[in-house]
Amino acid sequence: MATKGSTIPERIARWKVMSAGLKPLLGEMPHLAAMHSELEKVTLQSEELDARSEALKAESREVNRTREELAKAGDDLRLRLAAALQNAYGFRSEKLLEFGVPPRRARGKDRKPRARPPAAPPPSPGVTPPPAGAGQPAATPPVTAQPVPTAEPERSS
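Residues numbered from 1 in each chain as written. Predicted model: local features only at pLDDT ≥ 70, side-chain atom pairs only at ≥ 80, totals over all residues. Heavy atoms only, no water.

(A) Representation of the packing of aromatic side chains in the model. Considering all chains together, one arrives at one aromatic pair under this definition. Both rings, one in tyrosine 89 and one in phenylalanine 99, keep their centres 6.2 Å apart while their planes meet at 20°; by these two values the pair is stacked. On the criterion of sequence distance, the pair formed by tyrosine 89 in helix α2 (residues 33-89) and phenylalanine 99 in the segment after α2 is long-range, its members being ten residues apart. Residue classification places tyrosine 89 among the partly exposed residues on the basis of a relative accessible area of 40%. Looking at phenylalanine 99, the relative accessible area reads 40%, which means it is partly exposed. (Phe/Tyr/Trp six-rings, centres within 6.5 Å; stacked < 30°, edge-to-face > 60°. Helix = DSSP H or I, 4+ residues; strand = E, 2+ residues; numbered from the N terminus. Buried < 20%, exposed > 50% of the residue type's maximum accessible area, 1.4 Å probe, protein only.)

(B) Focus on the pattern of salt bridges. Inspection of every chain in the model, using the stated rule, returns eight salt bridges. Residue glutamate 47 pairs with lysine 16 through a salt bridge whose shortest N-O separation is 2.3 Å. With glutamate 47 in helix α2 and lysine 16 in helix α1 (residues 8-22), this pair connects stretches of sequence that are 31 residues apart. Judged by relative accessible area, lysine 16 falls into the partly exposed class, the value being 43%. (Salt bridge = Lys/Arg side-chain N within 4 Å of Asp/Glu carboxyl O.)

(C) Quick peek at α1. With 15 residues, α1 ought to run about 21 Å at 1.5 Å a step, and its terminal C-alpha atoms sit 21 Å apart, in line with that. Regarding α1, the residues found buried are Ile12, Ser19 and Leu22. Take α1 and look down its axis: the buried residues cluster within an arc of 95°, on one side only. In α1, those exposed residues whose orientation departs by more than 90 degrees from the buried face are Pro9 and Ala20. Structurally, α1 contributes buried residues whose contacts are with α2. (Expected span 1.5 Å × (residues − 1). Arc of directions from axis to C-beta. Contact = heavy atoms within 4.5 Å.)

(D) The side chain of histidine 36, seen in detail. Residue position: histidine 36 is located in helix α2. A distance of 3.0 Å separates polar atoms of two side chains, one belonging to histidine 36 and the other to serine 19. Not counting residues up to four positions away in its chain, the partners in contact with histidine 36 are Ser19, Leu22, Lys23 and Leu26. (Polar contact = N/O pair within 3.5 Å; in protein donor to acceptor, adjacent residues only side chain to side chain.)

(E) Inspection of the environment of arginine 78 at higher detail. Relative to the helices and strands, arginine 78 is located in helix α2. For arginine 78, a relative accessible area of 41% gives the class partly exposed. Each C-alpha atom of the pair arginine 78 and phenylalanine 99 lies 9.9 Å from the other, and the pair is 21 residues apart in sequence. Once you skip the residues sitting within four places of it in the chain, arginine 78 turns out to touch Gly100 and Val101. Within polar-contact distance, the side chain of arginine 78 engages the backbone oxygen of glycine 100 at 3.2 Å.

What follows is the structure in structure tokens.
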């Protein structure tokens, strides 16, 4: 068998194998001639529709690409016009609303106070705070190089 898949191109390939294999045998089996010609017509129509489908997919991709380019150009023009209107009327002007541009609003006071990190709790009475540097390893005195005595070999006389 040519292929085992179930996609339309694979099915068409199986139809072509059947049609090509059956064609030389039609003289011996004339009762299959009508179905063979019908299979060839179905195969031809399916291939034409596949080609048309691919052409439409390509056209659709092109249309979507053009739409995306136009959308970018439109957004750019709108932003440029909004900037020109803000320049003409001012950034806070209510007149900007007529063009769909929100005016800048003055920032108001905070309605609730901002949370601040809690301060360190005061020391309890009667407890002495640890000395500065507590909790850190004790410093070791620097090591200085001292001469190493060498042993001289004893000489026997």
